[in-house]
Amino acid sequence: MDNTLNSPIYWTLLKHEDWNMYIAASSQGLCYVGAHNQSFEDLANWIPIRFPRRTLLQDDDAILRLEPYKVQLIEYLQGSRTSFTVPFDFHGTPFQLAVWNALCDIPYGQTKSYSDIANQIQKPAAVRAVGAAIGANPILITVPCHRVIGKNGTLTGYRGGMDMKTRLLQLERSSCI
């Protein structure tokens, strides 16, 4: 029997300057990065859907299981990290996984359109489905769905809100100068 099916999901509130985001990880990797100032209830409601029968436990400072994830996210928010090396543990349909993996290929400081992602995964007619998969991305920032914009270059919806999307894109642009 796979012990990871019963292992807990650890969570903490990441605080850095004026950023406040809940993050969570399983024994396999980072599984959740919430939106800026999003409530704990969003995380608590999400876990049973994606990780049934798993306990959600706060990571206390003595354990520090989430420290590597916190460090890399803070480095990103400081503009000193352009990619992530921590493991991810995301669960979705094969289509969602293909989209999320394609998002990870978008270079720091650059953007792609929904059509670009649909073409990259060889599903050019699935632009709307790509948008739905992007909206279901559980690991904001590290799986950079904020780098996806409309075909005409306009900013489009973002699970973390348009202010967060704008702020992340500005951070990346200013770090690339």
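An unreviewed UniProt entry annotates the protein chain as Methylated-DNA--protein-cysteine methyltransferase originating from Paenibacillus agricola. The record in UniProt for the protein chain states the following under Subcellular location (unreviewed entry): "Cytoplasm". Within the UniProt record for the protein chain, the comment given under Function (unreviewed entry) is "Involved in the cellular defense against the biological effects of O6-methylguanine (O6-MeG) and O4-methylthymine (O4-MeT) in DNA. Repairs the methylated nucleobase in DNA by stoichiometrically transferring the methyl group to a cysteine residue in the enzyme. This is a suicide reaction: the enzyme is irreversibly inactivated."

The next thing to look at is the overall build of the protein chain. Assigned secondary structure in the protein chain consists of six helices and six strands. Counting from the amino terminus, the protein chain carries its helices and strands in the arrangement β-β-β-α-β-α-α-β-α-α-β-α. Relative to its length of 177 residues, the protein chain is compact, with a C-alpha radius of gyration of 16 Å against a globular reference of 16 Å. Seen through its principal axes, the protein chain has C-alpha atoms that stretch 45 × 35 × 25 Å. Looking at the 177 residues of the protein chain, the share that counts as buried comes to 45%.

Turning to unusual backbone geometry, a few remarks are in order. The phi dihedral of Arg 53 is positive, around 65°, even though this residue is not glycine. Along the polypeptide, Arg 53 turns up in the loop between α1 (40-50) and β4 (56-58). The phi dihedral of Ile 141 falls on the positive side, at around 70°, and the residue is not glycine. Along the chain, Ile 141 falls in the loop between α5 (127-135) and β6 (148-149).

With that out of the way, let us pick up the environment of Asn 137. Within the element layout of this structure, Asn 137 appears in the loop between α5 and β6. Under the relative-accessibility criterion, Asn 137 is labelled buried at 0%. What Asn 137 contacts, discounting residues up to four positions off in sequence, is Trp 100, Val 143, Cys 145 and Arg 159.

Listed in full, the buried residues belonging to α1 are Leu 43, Trp 46 and Ile 47. For α1, the angular spread of buried residues about the axis comes to 110°, placing them on one side. For α1, the exposed residues set more than 90 degrees away from the buried face come down to Asn 45 and Ile 49. Buried-residue contacts for α1 involve β1 (9-16), β2 (19-25), β3 (30-33) and β4.

Here helix α3 (residues 94-104) has its buried residues at Gln 96, Val 99, Trp 100, Ala 102 and Leu 103. The buried residues of α3 all sit within an arc of 155° when viewed along its axis, so they share a single face.

Let's shift gears to the side chain of Lys 165. With respect to the secondary-structure elements, Lys 165 resides in helix α6 (residues 162-176). Despite its burial, Lys 165 remains without a salt bridge, the nearest opposite charge being carried by Glu 172 at 11 Å. From its side chain, Lys 165 meets the backbone oxygen of Val 148 in a polar contact 2.5 Å long. Not counting the four nearest positions on each side in its chain, Lys 165 is found in contact with Tyr 114, Cys 145, His 146, Val 148, Leu 155, Thr 156, Gly 157 and Tyr 158.

Here we come to the environment of Cys 104. Summarising the element assignment, Cys 104 is placed in helix α3. A relative accessible area of 34% places Cys 104 in the partly exposed class. In this structure the C-alpha to C-alpha distance between Cys 104 and His 36, which are 68 residues apart in sequence, comes to 20 Å. Leaving out residues up to four positions away in the same chain, Cys 104 has contacts with Phe 88, Thr 142, Val 143 and Pro 144.

Counted according to the given criterion, the structure contains nine aromatic pairs. Seen in terms of ring centroids, Tyr 76 and Phe 84 are 5.8 Å apart; in terms of plane orientation they differ by 35°. Their pairing is tilted. The residues Tyr 76 and Phe 84 share a single accessibility class, namely buried. Taken together, Trp 11, Tyr 22 and Phe 40 form an aromatic cluster joined through their ring pairs.

Before going further, it helps to examine the pairing of β3. Both β2 and β3 contribute to a ladder of three bridges, which runs antiparallel. Bridge pairing in β3 places Ile 23 opposite Val 33. Counting the residues between successive antiparallel strands, the hairpin from β2 to β3 contains four residues, one of them, Gly 29, with a positive phi of roughly 150°.

Procedures and definitions
Residues numbered from 1 in each chain as written. Predicted model: local features only at pLDDT ≥ 70, side-chain atom pairs only at ≥ 80, totals over all residues. Heavy atoms only, no water. UniProt positions renumbered as here; feature names shortened; annotations may be inferred. Helix = DSSP H or I, 4+ residues; strand = E, 2+ residues; numbered from the N terminus. Rg over C-alpha atoms; globule rule 2.2 N^0.38 Å. Buried < 20%, exposed > 50% of the residue type's maximum accessible area, 1.4 Å probe, protein only. Contact = heavy atoms within 4.5 Å. Arc of directions from axis to C-beta. Lys, Arg positive; Asp, Glu negative; His and termini not counted. Salt bridge = Lys/Arg side-chain N within 4 Å of Asp/Glu carboxyl O. Polar contact = N/O pair within 3.5 Å; in protein donor to acceptor, adjacent residues only side chain to side chain. Phe/Tyr/Trp six-rings, centres within 6.5 Å; stacked < 30°, edge-to-face > 60°. Pairing = 2+ DSSP bridges.

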